[in-house]
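Architecture at a glance
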Amino acid sequence: MPTPAKTGSILAAALALPGVVPSAQAQVTVPNATLIQFKYLYYKDYQENNGVTPGSSGDRMTVKSPALYLLAPISDSWVFEIGAVYDNITGASPYYHTVLSGASGEGVEDKRLAGDITVTKYFGRTAVSVRGAYSTEDDYRSIAGGFTLRHATPDQNTTFTIGIGYSSDDVFPQDGPVFTRTKNTLDGIAGITQVLSRNDVGQVNLYYANQSGYLTDPYKAIYGVDQRPDSRDQFALLVRWNHYFQSLNATLRSSYRYYHDDWEVDANTFTAEWGQELPEGFTLTPSARYTTQSAAFFYYDPVYDATLGAPFPPGYATNPNAFYTSDQRLSAFGGITLGVKLAKVFAEGWSVDGKAEYYEQRGDWRIGGDGSPGLQAFKAQLYQVGVNKKF
Amino acid sequence: MKRLIAVASALAFSVLLIGCETVQPWQKGNLAKPDMAFGPDPLQTRFEEHTYFSKEGASGGMNVGGGGCGCN
């Protein structure tokens, strides 16, 4: 006869995201339930106007994504996970800074299909996961794989994780000069997940990635000026902490990430989610995220060469082979996300959920330095609905 | 230098973790709640990670071998 705690831990393990990084409560145990998840994401991003004409539409990308996830223990020591997502992408993307491609009447249309499979074999308190992933678009293809090892101490209060991954990508733009270039990413992770008390669990991950090859944005290189180094070293430290408030029947999930790369992007990201249990199987989860980042060393502000004009940076004619980007993602800004999620658990393993989020980036919102001037605020809305079944 | 500070604080935090109380299996009822997992909703985690990966300069820290996309 399992104790309530034991039954619960199996449940939690089944709902968690295994094969990647140890999830709840620092344990390495085989999940004993199958989980099927379906989710649909509607995403749109926009700015005030197209960057050329005041009062024009500033709509950027719209993405509609149905996704499936399956977690299936097929024996007492083997677990399969399968994920699949389809992205339907339409809209306009900036040529340079916040000047949209839509300004010339030309839009972007793309479809992305991605799938991944993870196989995990458990050897007592040790789990070995092998993962393969494939993603294809009209102008991009990625083949990736990873290997993760998790090991728990005998008391199942501490789990050590190490992982290594590799991704081999091809870029073949469908606009402008025809070419295929490659981009490879090698990454590694080392982490500890620790039960801190009967209501606290913490995690620390160290992450490193090396990207090499064609890292330039091919479309910004055609319509703007985009020339990036052919390698990028990225480092991240992620600290996560979950606390359960017994008297409130609520969970606080929080995280902090420090990020640094040799393009001189430094970022600090904080997240917090409050999962409030309510009667009738409902859970209400408000969430907040703040990030602040510095600009890449080769990002230039929207001040253009006196002779050549936009999109050329000052001095471009005398130094055309230097590194340049006008990509808003590599500018200095602060970003805030606010969200709310409502979930309900039904009988026989069914549950449904819906989540709405608003995200905005502004130069002014940066902390720890000046934000990049002269860009329109970037805004996005995300809506997710999901159905889950466990058996 | 900043990297050094980050690594040092990670190590300090790790030492702190190892020095904490031992929780017995029968005391793990709350820890076993689905909401106590890191990323309790797999597809939600994927969607949100993918969004930030494609719209910000920083990424990584949760897993490896994720693969790239033309969105970035």
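Rules of the game
- Residues numbered from 1 in each chain as written.
- Chains lettered and ligands numbered in written order.
- Predicted model: local features only at pLDDT ≥ 70, side-chain atom pairs only at ≥ 80, totals over all residues.
- Heavy atoms only, no water.
- pLDDT = per-residue confidence, 0-100.
- Contact = heavy atoms within 4.5 Å.
- Helix = DSSP H or I, 4+ residues; strand = E, 2+ residues; numbered from the N terminus.
- Buried < 20%, exposed > 50% of the residue type's maximum accessible area, 1.4 Å probe, protein only.
- Pairing = 2+ DSSP bridges.
- Buried area = accessible area lost by both parts, 1.4 Å probe.
- Salt bridge = Lys/Arg side-chain N within 4 Å of Asp/Glu carboxyl O.
- Polar contact = N/O pair within 3.5 Å; in protein donor to acceptor, adjacent residues only side chain to side chain.
- Expected span 1.5 Å × (residues − 1).

Per-residue confidence for chain A averages 92 on the pLDDT scale, and 92% of its residues sit at or above 70. Contacts of residues 1-24 of chain A to residues separated by more than four positions or lying in other chains number 75 contacts, the stretch itself having pLDDT below 50.

Its place among the elements puts B:Lys55 in helix α2 (residues 42-55). Judged by its relative accessible area of 15%, B:Lys55 falls in the buried class. Beyond its immediate sequence surroundings of up to four residues, B:Lys55 is in contact with A:Tyr43, A:Asp45, A:Arg329, A:Phe333, A:Tyr359, A:Gln361 and A:Phe378.

To continue, consider the pairing of strand β10 (residues 181-197) of chain A. Residue and element names in this part refer to chain A. The sheet contact formed by strand β9 (residues 158-171) and β10 spans 14 bridges and is antiparallel. For Phe160, the partnering residue across the bridge sits in β10 and is Ile192. In terms of strand pairing, β10 meets strand β11 (residues 200-213) through 14 bridges, oriented antiparallel. Paired with Ala190 across the bridge in β11 is Leu206. Counting the residues that bridge the hairpin from β10 to β11 gives two residues.

The interface of chain B with chain A comprises 58 residues on the first partner and 113 residues on the second. Buried area between chain B and chain A, both sides added, is near 7000 Å², and the carbon and sulfur share of it is 59%. At the surface where chain B touches chain A, the tally comes to eight salt bridges. In this structure, the salt-bridge partner of B:Asp35 is A:Arg253, at a minimum N-O distance of 3.5 Å. Applying the counting criterion to the chain B and chain A interface returns 35 residue pairs in polar contact (both at pLDDT 80 or more). Among the elements of the structure, α1 (2-18) and α2 of chain B are those that each provide at least two residues to the side of chain B that touches chain A. The biggest single contributor to the side of chain B that touches chain A is α2(B), with 11 residues.

Glancing now at α2(B). Residues and elements named next belong to chain B. With 14 residues, α2 should cover 20 Å at 1.5 Å per step; its first-to-last C-alpha distance of 20 Å lies within 8% of that length. Counting buried positions along α2 gives 10 out of 14 residues, so the element sits mostly inside the fold. Of all the residues in α2, the buried ones are Pro42, Leu43, Gln44, Thr45, Phe47, Glu48, Thr51, Tyr52, Ser54 and Lys55.

As enumerated under the stated definition, the model contains 22 salt bridges over all chains in all. Across the pair A:Arg141 and A:Asp170 runs a salt bridge, and its minimum N-O distance is 2.7 Å. Of this pair, A:Arg141 sits in strand β8 (residues 140-152) while A:Asp170 sits in strand β9, and the two are 29 residues apart along the sequence. For A:Arg141, a relative accessible area of 30% gives the class partly exposed. Taking relative accessible area as the criterion, A:Asp170 reaches 15% and is therefore assigned buried. The partner of B:Glu48 in a salt bridge is A:Lys355, with the nearest N and O atoms 2.9 Å apart. Highlighted residues: B:Glu48 in helix α2 and A:Lys355 in strand β17 (residues 350-362), drawn from two different chains. Note on accessibility: B:Glu48 and A:Lys355 belong to one class, buried. Through salt bridges with shared partners, a single ionic network connects A:Asp217, A:Lys220, A:Asp226, A:Arg228, A:Asp327 and A:Arg329.

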